[in-house]
Amino acid sequence: MGFFDFFTEEIAIDLGTANTLVIHNDKVVVDSPSIVARDIMTGKIIAAGKEAAMMQGKTHENIKTIRPLKDGVIADFDASEKMISLFIKDIPALKKKLFAPALRMVICIPSGITEVEMRAVRESAERVNGKEVYLIHEPMAAAIGIGVDIMQPKGNMIVDIGGGTTEIAVIALGGIVCDKSVKIAGDVFTNDIIYYMRTQHNLYVGERTAEKIKIQIGAATEDLELPPEEMNVQGRDLLTGKPKQVQISYREMAKALDKSILRIEDAVMETLSQTPPELAADIYNTGIYLAGGGSMLRGLDKRLSQKTDLPVYIAEDPLRAVVRGTGITLKNINRYKSVLIK
């Protein structure tokens, strides 16, 4: 094994619907949108990550932007594989190598994923030279990334709101006791905003603009302590067909997102109601941890706290909590053997 180790590099991947992150040597070396651009004529992938994201919604018929992952699982196998391999080739430390090193990888997957979808992730990894591929469930990785000691006989509740799925899990003794995976997350929030702008303002906005609105003034509740300023949004007027601009406030966003957030609340309540009493007692003391980009929605922590009567904590740097956890398991593979899916 010693000789082989010399040629093996270790990487941790958080393959997300919205963003893909890669850790190599304890550093986040890739943090890019999960999107590729394909040339229709040749079928070649011409851009991936940030570069492809800039093209989104602005392409002509010869270029198509593809998001290879949908609802947390691989929807376009070929594109996802190309995307992963492009990201791995982008890692500065691996560029210097004479030939592609064998990779030991840990990749995280949604907890509600099927066997077939799991095999798709694994095959993608093996095709980009992954010799040892381990999988880990996302809420588990999030818990480790937040800094929860998951091996303790103590219950912890994690809510990871990503791009495609919201993962809710109660974790104890290095395992998931009860979990729920709902397909209401960042992407749905974005679509809610598009729909709201269409119906309330007769303004047709693209996905990228809606995403910008969500980040700048998105809110889960109308009573915020530090409300963001109003925002000007440009798009196409559906009545006249002319480009136009409207001013919107966070209160409107709270209205637009209300239904989807209700569904996340319901899923959290349902998971709590399935939790064994001893663990429920622990959660009463430890509260709920939020991770993932969706947890940065203003007022969401407060709203969940009011609904559950529990303290709600947002992880620091929630976008990277999952990949941090994945990186930690990679470093201490033997300690976390029980958590990983071989």
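Residues numbered from 1 in each chain as written. Predicted model: local features only at pLDDT ≥ 70, side-chain atom pairs only at ≥ 80, totals over all residues. Heavy atoms only, no water.

- For the protein, an unreviewed UniProt entry supplies the name Cell shape-determining protein MreB and the organism Aquimarina mytili.
- As recorded by UniProt, the Function (unreviewed entry) comment attached to the protein reads in full: "Forms membrane-associated dynamic filaments that are essential for cell shape determination. Acts by regulating cell wall synthesis and cell elongation, and thus cell shape. A feedback loop between cell geometry and MreB localization may maintain elongated cell shape by targeting cell wall growth to regions of negative cell wall curvature."
- Turning to the protein, the UniProt annotation filed under Subunit (unreviewed entry) states: "Forms polymers." (UniProt positions renumbered as here; feature names shortened; annotations may be inferred.)

## Comments concerning the sheet that holds strand β4 (residues 36–39)
- With antiparallel pairing, the three strands of this open sheet are ordered in space as β5-β4-β6. Two strands lie at the open edges of the sheet, namely β5 (45–48) and β6 (63–66), each paired on one side alone. Neighbour-to-neighbour, the strand axes of the sheet open up by a mean angle of 20 degrees, direction not taken into account.
- When β4 meets β5, the two strands line up antiparallel, connected through three bridges. Among the inter-strand pairings, Ala37 is bridged to a residue of β5, identified as Ala47. (Pairing = 2+ DSSP bridges. Helix = DSSP H or I, 4+ residues; strand = E, 2+ residues; numbered from the N terminus. Axes fitted to C-alpha atoms, helices over the stretch in contact; angles between N-to-C directions.)

## Focus on the packing of helix α6 (residues 138–146) against helix α12 (residues 321–331)
- Two numbers describe how α6 lies on α12: the axes approach to 6 Å, and their chain directions differ by 85 degrees. When the interaxial angle is binned, α6 and α12 end up roughly perpendicular. Touching Glu138, Ala141, Ala142, Ile144, Gly145 and Ile146 of α6 are Ala321, Val322, Arg324, Gly325, Thr326, Ile328 and Thr329, all from α12.
- A per-class count over the contact of α6 with α12 returns seven nonpolar, four polar and two charged. (Parallel < 35°, antiparallel > 145°, perpendicular 65-115°, else oblique. Contact = heavy atoms within 4.5 Å. Nonpolar A, V, L, I, M, F, W, Y, C, P; charged D, E, K, R; others polar.)

## Re the sheet that holds strand β15 (residues 231–237)
- The strand order across the open sheet built from three strands is β14-β15-β16, with neighbouring strands paired in antiparallel fashion. Two strands close off the open sheet at either side, each with one partner strand: β14 (203–204) and β16 (243–248).
- Looking at chain direction, β15 and β16 are connected through six bridges and run antiparallel. Pairing of Asn232 across the sheet is with Gln247, part of β16.
- Packed on one face of the sheet, helix α8 (residues 207–217) meets β15 and β16 and runs near 160 degrees to β15.

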